[in-house]
Amino acid sequence: MRNFRDHLICSSSTIKQALIKLDLLAKDAILFVVDDSDKLIGSLTDGDFRRAFINGATIDKVVNDVIHTQPKIIRKGDKDIQKIIAYREGNFRILPIIDNDDKIVNVINFRETKSYLPIDVVIMAGGRGQRLQPLTDTIPKPLLKVGGKAIMEYNVDRLALYGIDDFWVSVKYLGEQIETYFGDGSNKNIAINYIWENEALGTIGAVSKIDNFTQDYILVTNSDLLTNLDYEDLFIDFIEKDADISVVTIPYQVDIPYAVLETQAGDIKSFKEKPSYTYYSNGGIYLIKKTALQYLPKNSFFNATDLIEKLIAENLKVISYPLVGYWLDIGKHDDFKKAQEDIKHIKF
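What comes next is a walk through the structure.

### Section: the packing of helix H3 (residues 81-89) against helix H6 (residues 231-240)
Contact pair H3 / H6: the axes reach a minimum separation of 11 Å and the direction vectors enclose 140 degrees. In this view, H3 runs oblique relative to H6, as classed from their interaxial angle. Packed against H3, whose contacting residues are Ile-81, Gln-82, Ile-85 and Arg-88, the element H6 presents Glu-232, Phe-235 and Ile-236 at the interface. Classifying every residue of the contact of H3 with H6 by side-chain character gives 4 nonpolar, 1 polar and 2 charged.

### So, the pairing of strand E17 (residues 276-289)
Pairing of strand E12 (residues 217-222) with E17 involves 5 bridges; the strand directions are antiparallel. Paired with Ile-218 across the two strands is Ile-288, which belongs to E17. Pairing geometry for strand E14 (residues 245-255) and E17, over 10 bridges, is antiparallel. Its bridge partner lying in E17, Gln-253 is registered against Thr-278.

### A few points about the sheet that holds strand E2 (residues 31-34)
The strand order across the open sheet built from 3 strands is E1-E2-E3, with neighbouring strands paired in mixed fashion. In this open sheet, the two edge strands, each paired with only one partner strand, are strand E1 (8-10) and strand E3 (40-44). Averaged over all pairs of adjacent strands, the angle between their axes in this sheet comes to 35 degrees, without regard to strand direction. One ladder, built from 4 bridges, connects E2 with E3; its direction is antiparallel. Within the sheet, the bridge partner assigned to Phe-32 lies in E3 and is Ser-43.

### Let's talk about the packing of helix H4 (residues 151-161) against helix H5 (residues 175-182)
Running from N to C, H4 and H5 cross one another at 45 degrees; their axes reach a closest spacing of 12 Å. The pairing of H4 with H5 is recorded here as oblique in orientation. The chirality of how H4 crosses H5 is right-handed. Side by side, H4 and H5 meet where Met-152, Glu-153 and Val-156 of the first sit next to Ile-178, Tyr-181 and Phe-182 of the second. For the contact of H4 with H5, the residue count by class is 5 nonpolar, no polar and 1 charged.

### A word on the pairing of strand E5 (residues 94-98)
Along a regular strand, successive side chains alternate from one face of the sheet to the other. Of all the 5 residues making up E5, 5 are buried; the element is thus mostly covered by neighbouring parts of the structure. Of the two faces of E5, the one carrying Ile-94, Pro-96 and Ile-98 and the one carrying Leu-95 and Ile-97 are both buried. Turn length for the E5-strand E6 (residues 104-109) hairpin, with the two strands adjacent in sequence and antiparallel, is 5 residues, and the turn residue Asp-102 shows positive phi of about 65 degrees.

### Describing the packing of aromatic side chains
This model, assessed by the stated rule, comprises 6 aromatic pairs. Relative to Phe-182, the ring of Tyr-181 has its centre 4.8 Å away and its plane inclined at 65 degrees; by these criteria the two rings are edge-to-face. Of the residues examined, Tyr-181 reaches a relative accessible area of 35% and is grouped as partly exposed. Judged by its relative accessible area of 5%, Phe-182 falls in the buried class. With a centroid separation of 5.9 Å and 85 degrees between ring planes, the pair formed by Tyr-217 and Phe-238 is classed as edge-to-face. A residue pair is termed long-range when its members are at least 10 positions apart, and Tyr-217 in strand E12 and Phe-238 in helix H6 qualify at 21 residues. The class of Tyr-217 is buried, set by a relative accessible area of 10%. Take Phe-238: its relative accessible area is 1%, and that puts it in the buried class. Ring pairs connect the aromatic residues Tyr-217, Phe-235 and Phe-238, which therefore count as one cluster. Here Lys-149 stacks its cationic end above the ring of Tyr-154, 4.7 Å away from the centre of that ring.

### Some words on the pattern of salt bridges
The final tally for this structure, using the stated rule, is 23 salt bridges. A salt bridge links Arg-88 to Glu-232; its shortest N-O distance comes to 2.8 Å. Note that Arg-88 is positioned in helix H3 and Glu-232 in helix H6, a separation of 144 residues in sequence. The exposure class of Arg-88 is partly exposed, given its relative accessible area of 24%. With relative accessibility at 10%, the residue Glu-232 sits in the buried group. Linked by salt bridges that have partners in common, Lys-149, Glu-153, Asp-157 and Lys-188 make up one network.

### Some points on unusual backbone geometry
Note the cis peptide between Gln-133 and Pro-134, where omega equals 5 degrees. Along the chain, Pro-134 falls in the loop between strand E7 (119-125) and strand E8 (145-146). For Ala-26, which is not glycine, the phi dihedral falls at a positive 50 degrees. Considering the arrangement of structural elements, one finds Ala-26 in the loop between helix H1 (15-25) and E2. Since its relative accessible area comes to 53%, Ala-26 is described here as exposed. Phi is positive for Asp-38, close to 70 degrees, though the residue is something other than glycine.

### A look at the side chain of Asp-48
Tracing the backbone through its elements, the reader meets Asp-48 in helix H2 (residues 46-54). With sequence-adjacent residues up to four places away left out, Asp-48 is seen in contact with Ser-43, Val-66 and His-68.

The rules behind each value
- Residues numbered from 1 in each chain as written.
- Predicted model: local features only at pLDDT ≥ 70, side-chain atom pairs only at ≥ 80, totals over all residues.
- Heavy atoms only, no water.
- Axes fitted to C-alpha atoms, helices over the stretch in contact; angles between N-to-C directions.
- Helix = DSSP H or I, 4+ residues; strand = E, 2+ residues; numbered from the N terminus.
- Parallel < 35°, antiparallel > 145°, perpendicular 65-115°, else oblique.
- Contact = heavy atoms within 4.5 Å.
- Nonpolar A, V, L, I, M, F, W, Y, C, P; charged D, E, K, R; others polar.
- Pairing = 2+ DSSP bridges.
- Left-handed = near helix turned anticlockwise from the far one by under 90°.
- Buried < 20%, exposed > 50% of the residue type's maximum accessible area, 1.4 Å probe, protein only.
- Phe/Tyr/Trp six-rings, centres within 6.5 Å; stacked < 30°, edge-to-face > 60°.
- Lys NZ or Arg CZ within 6 Å of the ring centre and 35° of its normal.
- Salt bridge = Lys/Arg side-chain N within 4 Å of Asp/Glu carboxyl O.

Encoded structure:
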């Protein structure tokens, strides 16, 4: 993955310096001109240079004199996902992400990235993984390899594929190994912060330790899942339904091989011949409005199911998002074995 800073060039640079840098970008040939504090000034492409040369520019001229001053941009935290989709479908392939001070904080390449979602992610990675012993005696479960890659890395890469670049990882058991493995995330053009659980805080309690989220929407996910969930579709569904929390659910169909009778006071009222019923289980992935996190007790053991029940009791909008795609919770040895086989056939 290319470092986003490869697309940045200082406004005092010469056209020659810019052409050399543009040539190295090959098919991703666009530069974003910035000042000394990385504030966006404009953009440069081959077309800008051709027009400059036609008008008599020389290669020693500074790029500040030939830039396009109104490039398309994405504002970090912009909730209008339809604007992102419009850029993508309009073939605006490479776009700078700028903060409220107009500084470039990332560059999105829609050849490599599916979207840019205004979401902070919390990955729960502090568990002991007892059911996978002895594999987890010296390695934390999130770092167990499936197809040569750490389980948690599939999650990080999938989320980054949708332009999510602010990560929080809750760690406890052998957490130093996770910190060492992922570092600060800069090699993946993301930012990773770590939250240490001094004592077990349940499946969501550690989220209460974070008080500086950058976005208004928080996705909390278990670290030991394999899934090809479409996070953009999850976000769109969440926004359209104005939910406070969306629970990713896994459909299970139960086929009854007999006729099922419906009775009342011993009388048969109707029957269904070999019916099928669909039930939904908790998939361990939650998209939450930041305002709903006020119902989390501070630094206390609290499960995601406790939060869901609390939000229901407060008459907030709790919705289900049935997953269409692959999902596997790697909790037991049989799951781990299945993952090794599935990874050969499932695209993540």
